[in-house]
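For reference, the chains in residue letters:
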Amino acid sequence: MSEICSKMTLFRCLDIMRDLFPTDYDFYPRTWYLPAQFHEFSCEIRKMHERRVKPKPTFIIKPDTGAQGDGIYLLREPNEYSSLSGKCHVAQEYMSNVYLIDKFKFDFRIYVLLKSLEPLEFYICQEGLARFSTLPYENPTNKNIHESFMHLTNYSLNKRSSTFNRSDRDDEGSKRTLTSVLRRIAMNGHDSNKVWKSIERIVCKTIVAIVPEMKVEYQAAIPPGKTGPSCFQVCSNNHVCMTF
């Protein structure tokens, strides 16, 4: 599971499926692997500038094995990327036109239990978390691009903000239940059932994408005839941003 929680491994698995099934795997932004694909990344930014794409393209940089928002930042020019740390990163198109609640950006933390690889069996928990930024959201500009409390939703980061709302209610504050936010989405006139079905499809497609990698690791660790584990490992390293 540590391999799958690596962002580079995860998105490479997804990219393989996108090459095979482009319309089914269009639910995540274009991804580059840095520093290995820095040249391709730089060329793409240059082409977008030449086409005068509006709004000005912004990209989010995430450390391969990072967690809790550590080391994540936004950039607009290739020369703003630093490889001096020796770490690998994924670069993705930043989704700026996001759905907001009370003017704040948020994400969903979805919990999935993978019970078996052969046969493939997994369960999606119907309750989860919604994590909110702590500054009202604005489209990225050169002035606000470094405002982590606005652009990032990681709880470990935002809990340090002076505006973090520690409400005990499920339907308010900087950390809420998944179901309360789905209810709010419905109250705002959107089809929350359709949203949940989309989440289920994304989970299913992601599991299908990582199964080959997991089978290789599983068979190497637990060869035929050897007793497998009788417990589950809880891993979480990625989230789904809401867009409409």
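To keep things clear, this report deals only with the structure shown in the data block. Treat the numbers as computed from the prediction; the structure is a model and nothing was measured.

### Let's talk about unusual backbone geometry
Along the chain, L34 connects to P35 via a cis peptide bond; the corresponding omega equals 10 degrees. Locating P35 in the fold gives a position in the loop between β1 (31-34) and α2 (38-50). Despite not being glycine, R52 has its phi angle at roughly 55 degrees, a positive value. A relative accessible area of 68% means that R52 is categorised as exposed.

### Things to note about the pattern of salt bridges
In the structure shown here, the tally under the stated rule is 12 salt bridges. As a salt-bridge pair, D102 and R176 come within 3.5 Å of each other at their nearest N and O atoms. Taken as a pair, D102 in the loop between β4 (89-93) and β5 (106-109) and R176 in strand β9 (residues 175-177) lie far apart in primary sequence, 74 residues in all. A relative accessible area of 8% places R176 in the buried class. Residue R131 pairs with D107 through a salt bridge whose shortest N-O separation is 2.9 Å. Pair noted here: R131 is in strand β8 (residues 129-132) and D107 is in strand β5, with a separation of 24 residues, a long-range link. One exposure class covers both R131 and D107, and it is buried.

### Side note on a nonpolar patch on the surface
Among the surface-exposed residues, I16, L20 and F21 lie close enough to one another that they form a single nonpolar patch of about 310 Å² accessible area. Following the sequence through the fold, F21 ends up in the loop between α1 (7-20) and β1.

What counts, and at which threshold
- Residues numbered from 1 in each chain as written.
- Predicted model: local features only at pLDDT ≥ 70, side-chain atom pairs only at ≥ 80, totals over all residues.
- Heavy atoms only, no water.
- Helix = DSSP H or I, 4+ residues; strand = E, 2+ residues; numbered from the N terminus.
- Buried < 20%, exposed > 50% of the residue type's maximum accessible area, 1.4 Å probe, protein only.
- Salt bridge = Lys/Arg side-chain N within 4 Å of Asp/Glu carboxyl O.
- Patch = residues over 30% accessible without salt bridge, like charges linked within 9 Å, V, L, I, M, F, W, Y side chains within 5 Å.
- Areas by Shrake-Rupley, 256 points an atom, 1.4 Å probe, with all protein chains shown as cover.

Note that all results are geometric; they support no functional claim without further evidence.
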